[in-house]
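A closer look at the structure
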Amino acid sequence: MSDNTAGGPPPEENEPTPQNPSASTPDPGAAAQPPSEPVPPSQPPAQPPVTPPTQPPAQPTPPAQPGPPVAPPYGAPTPPPAQPYGAPAGGQQPPYPPPAGAYPPPAGAYPPPGQPAYAGAAAFSVGDAIGFGWKKFWANPGPWILAALIFLVINAIFSWISGGFDNFTDYRTDGFSDTNMAEALGLSFVSVLLTIVGVIISYLVAAFYSRGALDETQGRKPDVSAFFRIANVGNVLLAAFLVAVMTIIGTILCILPGIAVAIFSAFVYYFTLDKEQDAITAIKSSWSLVAKNFGSVFLLLLALFGINILGFLVCFVGLLVTIPLSYIAVAYAYRRLVDEQPV
């Protein structure tokens, strides 16, 4: 069978011959055509990315608090503690305590501002005080002896005046009647007043001696006029009056209270003259200072009392030495007890 009768009209001259799909040899003309693009499979439309909702930052979980320790069963041994008692957290070794001397003193031990530390003052020796008085007196004996003579004359004049009033009182009260009872009582009142004045004069003389003794402990040699140059005169007179009244009342009450007043008032004039305290404060300061150092002050005053008895036995002349020595020794004790160094 011919090609014309095989199937359909013959191909034109320029028409390409269709490729037989069953042929194993590829058509060279077919290779020249570009391959058709593969059709992608059907996909769903692209969705926008979903942003997760913003959440607050997670809070840190607090550590679990330890509960109360569970008691071990009865009879079981007690487990050791996790850390020593008193050790800080973290297992660190607690610091060693400072030495005993490194601790500051308690708040109550500090002295008030502007006040001397009387409680912490060094004690003094009775022998050192007497030796200091002896040395200072003989380094400047003239003014002390002359001042002592002046004071003795003043006391003698006052004793003569008060003795005249006593004789007049005795004369008026001999065989008194009811009519002159008031006069007798009035004269007795004058006698008591004169006694108080005499005691005040004696304490003023003590203040004059104390002024000179304070100068000696400060390295100054007083002249005669220095004994009478006292400041704070009003408080000195008031302190002398108060101490005199307390001494008289104490003497009336079995003598011993009067001696106690004299002992505790040993530094009254040193506080009024040296620290310029008022009368009441000076008395309190003297009593407090003696109370804290009663043993040493009492022994010193007792030793000075014995020394003045010896001076009295030497025809009164020894008092010209022993009295100044005594005041300088007491001033030495005062300086030491208020934490000051005598020079």
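Our structure's up above, just so we're on the same page.
Report on the accompanying structure. (Residues numbered from 1 in each chain as written. Predicted model: local features only at pLDDT ≥ 70, side-chain atom pairs only at ≥ 80, totals over all residues. Heavy atoms only, no water.)

To continue, consider unusual backbone geometry. Positive phi values are uncommon outside glycine, yet N232 reaches one of about 60 degrees. Positionally, N232 belongs in the loop between α5 (181-217) and α6 (233-252). One non-glycine residue, C254, lies in positive phi territory at about 65 degrees. Structurally, C254 is set in the loop between α6 and α7 (256-264). Judged by its relative accessible area of 66%, C254 is exposed. (Helix = DSSP H or I, 4+ residues; strand = E, 2+ residues; numbered from the N terminus. Buried < 20%, exposed > 50% of the residue type's maximum accessible area, 1.4 Å probe, protein only.)

Okay, the nonpolar core next. Residues F124, F267, Y270 and L300 are the most contacted members of the largest nonpolar core, which totals 54 residues. Where this core is concerned, the elements lending two or more residues are α3 (126-139), α4 (141-173), α5, α6, α8 (268-274), α9 (279-292), α10 (294-313) and α11 (319-337). In this structure Y270 touches S210, A213, L214, K275, Y327, V330, A331 and Y334, once residues within four positions along its chain are discounted. (Core = buried A, V, L, I, M, F, W, Y, C linked by side-chain atoms within 4.5 Å. Contact = heavy atoms within 4.5 Å.)

At a minimum axis distance of 8 Å, the contact between α7 and α9 shows a crossing angle of 95 degrees. In terms of axis orientation, α7 runs roughly perpendicular to α9. Taking contact as the criterion, the partners of V261, I263 and F264 in α7 are, on α9, S286, W287, V290 and A291. Residues belonging to the contact of α7 with α9 are distributed by class as follows: 6 nonpolar, 1 polar and no charged. (Axes fitted to C-alpha atoms, helices over the stretch in contact; angles between N-to-C directions. Parallel < 35°, antiparallel > 145°, perpendicular 65-115°, else oblique. Nonpolar A, V, L, I, M, F, W, Y, C, P; charged D, E, K, R; others polar.)

One way to put it is that α3 packs onto α10 with a least axis distance of 10 Å and a crossing angle of 45 degrees. Relative to α10, α3 is oriented oblique. As for the relative orientation of α3 and α10, their crossing is right-handed in sense. Of the residues in α10, those in contact with V126, A129 and I130 of α3 are S296, L299, L300, A303, L304 and I307. Here the residues of the contact of α3 with α10 are counted per class, giving 8 nonpolar, 1 polar and no charged. (Left-handed = near helix turned anticlockwise from the far one by under 90°.)

A separate point is the pattern of salt bridges. By the definition in use, this model includes 7 salt bridges. We note a salt bridge from D215 to R211, for which the minimum N-O separation is 3.2 Å. Here D215 and its partner R211 are both found in helix α5, 4 residues apart, which amounts to about one turn of the helix. In this pair, the class of D215 matches that of R211, namely buried. For K275, the salt bridge identified is with D274, shortest N-O distance 3.7 Å. (Salt bridge = Lys/Arg side-chain N within 4 Å of Asp/Glu carboxyl O.)

Structurally, S326 can be placed in helix α11. Owing to a relative accessible area of 8%, S326 belongs among the buried residues under this scheme. Taking the C-alpha atoms as reference, S326 lies 7.4 Å from I130; in sequence the two are 196 residues apart. In contact with S326, not counting residues within four places along its chain, are L304 and N308.

Over its 19 residues, α11 runs 26 Å from end to end, which matches the ideal 27 Å to within 8%, given 1.5 Å per residue. Burial of α11 is extensive: 17 of the 19 residues sit out of reach of the surface. D339 lies just past α11 and shows a positive phi near 65 degrees. (Expected span 1.5 Å × (residues − 1).)

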